[in-house]
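# Chains, contacts and geometry: an overview
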Amino acid sequence: MIEVKNLTKQFGSRLAVDHLNFRVETGQIYGFLGPNGAGKTTTMNMMTGYLGATEGEVMINGHDILDEPEEARKQIGYLPELPPLYQEMTVTEYLRFAADLKQIPKDKKKHMVEEAMGVARIMDVKDRLIKNLSKGYKQRVGLAQAVLGFPEVIILDEPTVGLDPRQIIEIRDVIKSLGKKHTVILSSHILSEVSAVCDHIMIISHGKLVASDTPENLTRMMEGTNEIELTARGSRNQVQEILKPLTELEYVNIKPSSEEKSVDILLQTEKTVDVREKLFFAFAAAGVPLVTMKTSDRSLEDIFIELTEKDDTAAGLQETDQAEETQPEKEAE
């Protein structure tokens, strides 16, 4: 089990990780999601002891990663986004070297190295120099290093980067099989991958945890709303004026359309509210034709975008407030 308490990382004036708190239970696959710059990799580096925290603690099966780094790291296998490979070694030489670093007993080393290569499906390149491998195979060598010794917790940062579609499917199968015996934390930008593989999803934005639940519960949580997608042959200003009287609308997003002289509109209402007739008559009365109107189902991508967009808006407002608060002081100076 992993327990993260009040985890914070500050780089100068920038708060990369903002007082994170979460628990990772044994024997599950966790997906760690977030836009670029959200703090995912920084959090993983602190969880594995590669980076010190400004504040907070990380407990790995009861061992504090800062106070007991050796004991805690024995519980972890880690694949960074850029695997630290020795290019002049063969695959077998590198994994034997990694086994020595992990203090795997000599009588078990050969078997464990072969087992790790089998899991990562790299037996066919075991005698080749790492520098001569494709990016996909290098990623697999990094995965083999992470699972070597089969630690209780395996942390994978973007494990399918650089792999072709067939390899991605194979690695997904590997991750699923690992999840039967190990706790796996998987960072990825591929939302369909996380949805297909993970038992639990954590979404991080601006260094803060904005959601943590199963894929099914996240979807159910957002099903309290109806979504309607429209395309209208008119301008943004016209559409805004048409929609302004409709108090039932909880969320409105207007953007340019691929249709000429049109805009695409995404609307949300409460689950029990149906505004389609009102919308039709409002647009007709304004002389703005509706090209399309349809209701849409919520996907993990929709949930991800909405949660992170809300956090972006909140962060922007907070920065504006802070700027307004500090402005009088600057003027006074």
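You'll find the structure just up there.
Rules behind the numbers
Residues numbered from 1 in each chain as written. Predicted model: local features only at pLDDT ≥ 70, side-chain atom pairs only at ≥ 80, totals over all residues. Heavy atoms only, no water. Salt bridge = Lys/Arg side-chain N within 4 Å of Asp/Glu carboxyl O. Helix = DSSP H or I, 4+ residues; strand = E, 2+ residues; numbered from the N terminus. Buried < 20%, exposed > 50% of the residue type's maximum accessible area, 1.4 Å probe, protein only. Polar contact = N/O pair within 3.5 Å; in protein donor to acceptor, adjacent residues only side chain to side chain. Pairing = 2+ DSSP bridges. Contact = heavy atoms within 4.5 Å. Axes fitted to C-alpha atoms, helices over the stretch in contact; angles between N-to-C directions. Core = buried A, V, L, I, M, F, W, Y, C linked by side-chain atoms within 4.5 Å. 1 Å grid on protein atoms, 1.4 Å probe; cavity = no way out; pocket = protein on both sides within 12 Å on 5 of 7 lines; lining within 4 Å. Points joined across faces, edges and corners; volume = space filled by probe spheres on them. Nonpolar A, V, L, I, M, F, W, Y, C, P; charged D, E, K, R; others polar.

By the definition in use, this model includes twelve salt bridges. For the salt bridge of Arg-23 with Glu-25, the shortest nitrogen-to-oxygen distance reads 3.3 Å.

All right, on to the side chain of Thr-8 then. Within the fold, Thr-8 resides in strand 1 (residues 2-11). Thr-8 gets classed as buried once you look at its relative accessible area, which sits at 3%. At 3.2 Å, the side chain of Thr-8 and the backbone oxygen of Asn-6 are in polar contact.

Turning our attention to the sheet that holds strand 5 (residues 63-64). If you walk across this open sheet you meet the four strands as 2-1-4-5, and the pairing is antiparallel. Because the sheet does not close on itself, it has two edges, and the strands there are strand 2 (14-24) and strand 5. Here strand 1 pairs with strand 4 (residues 55-60) via five bridges, running antiparallel. The partner of Thr-8 across the bridge, within strand 4, is Glu-55. Contacts from helix 1 (residues 40-47) reach strand 1, strand 2 and strand 4, with the element oriented near 120 degrees to strand 1.

As a further point, take the nonpolar core. Counting 48 residues, the largest nonpolar core has Val-91, Leu-95, Ile-122, Val-141, Leu-148, Leu-156 and Ile-175 as the members making the most contacts within it. Filtering out sequence-adjacent residues up to four positions away, Leu-148 remains in contact with Leu-95, Ala-98, Ala-99, Lys-102, Ile-104, Met-112, Val-113 and Ala-116. Leu-7, Ala-38, Met-47 and Ile-60 belong to the second-largest nonpolar core, a separate cluster that totals 24 residues.

Right, let's get into the sheet that holds strand 3 (residues 29-33). The strand order across the open sheet formed by six strands is 6-7-8-3-9-10, and the pairing between neighbours is mixed. The strands lining the two open edges of the sheet, one partner per strand, are strand 6 (76-79) and strand 10 (208-213). Recorded for the sheet is a direction-independent mean angle of 15 degrees between the axes of neighbouring strands.

Let's shift gears to the environment of Ser-257. Assignment of secondary structure puts Ser-257 in the loop between strand 12 (251-256) and strand 13 (263-270). The class of Ser-257 is buried, set by a relative accessible area of 16%. Sequence separation between Ser-257 and Arg-233 is 24 residues, and the spatial gap between their C-alpha atoms is 9.2 Å. Sequence-distant contacts of Ser-257, defined by excluding residues within four places in its chain, comprise Thr-231, Ser-262, Val-263 and Asp-264. For Ser-257, the side chain forms a polar contact with the side chain of Asp-264, separated by 3.1 Å.

Let's shift gears to empty space enclosed by the protein. Following the criterion strictly, the structure yields one cavity of 30 Å³ or more and no others. Estimated volume of the largest cavity: approximately 40 Å³. Lining the largest cavity, in full, are Leu-7, Met-46, Leu-51, Gly-52, Ala-53, Gly-56, Glu-57, Val-58, Ile-65 and Leu-66. No other element matches the three residues that strand 4 contributes to the lining of the largest cavity. Classifying every residue of the lining of the largest cavity by side-chain character gives seven nonpolar, two polar and one charged.

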